[in-house]
Structures are given as C-alpha cells and as structure tokens.
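# Notes for the structure review
Chain residues, written in single-letter form:
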Amino acid sequence: QKLVSIASTMAGAPRNVRKRNEKAAGNINRRGKVPVGSAMKRESKPALGPWMVGFFMFVVVGSSVFALIQQCLTALERTGYQANKK
C-alpha cells in the first residue's frame, strides 16, 4: 500500500506509469500463488513455419547435392577419366 500512495502522489508521472505501479503493488502480495493452469494458457508457436522449414531444407539439401556433384566431376577430371571413350 505504501507503493500505491507513493505512485499516486507523484506529480509529473504519466497516467499509464501510475496505473502500472498500482498494478505491480497489488501483485506483490500474490507472488508464488499462481492458480494451476494460468501459466499454461499461452500457446507457444514455432519460431519458423512449415513453409520456411521446407525452403531451408531445399536450400541446404540442394546446395549439398550440387557440391557433391561438383566434387565428383572435379575428381574425375583429375584422374583423366573420359566419359566418351570409343
């Protein structure tokens, strides 16, 4: 209650600051007494959507496939392999 009286006597404090101070002062006595389930009300959303994950996988897998093909072709060139031997 002391915080409420201090917050209400502040001359230059904006209205929203005073309301937040009063709300916080009321919550002081209720700390640790959260009803069961109220903390679980928030649903957590995934950080990335399924389309973004798919795009990311496409880029990563695609680039690794191209890198593998490039390494194979480079290795074949170094060994002197010729595909069109007759």
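Residues numbered from 1 in each chain as written. Predicted model: local features only at pLDDT ≥ 70, side-chain atom pairs only at ≥ 80, totals over all residues. Heavy atoms only, no water.

Moving on to the overall build of the chain. Regarding its fold elements, the chain presents three helices and zero strands. Counting helices and strands in the order they occur from the N terminus, the chain gives α-α-α. Each of the 86 residues in the chain was classed as buried or not, and the buried ones make up 3%. With an accessible surface of roughly 8,700 Å², the chain has 62% of that area assigned to carbon and sulfur atoms. (Helix = DSSP H or I, 4+ residues; strand = E, 2+ residues; numbered from the N terminus. Buried < 20%, exposed > 50% of the residue type's maximum accessible area, 1.4 Å probe, protein only. Areas by Shrake-Rupley, 256 points an atom, 1.4 Å probe, with all protein chains shown as cover.)

Confidence in the prediction of the chain, expressed as mean pLDDT, is 77, and 62% of residues score 70 or more. For the chain, helix α1 (residues 2–9) is the element with the lowest average pLDDT, namely 52, and helix α3 (residues 50–79) is the one with the highest, namely 94. (pLDDT = per-residue confidence, 0-100.)

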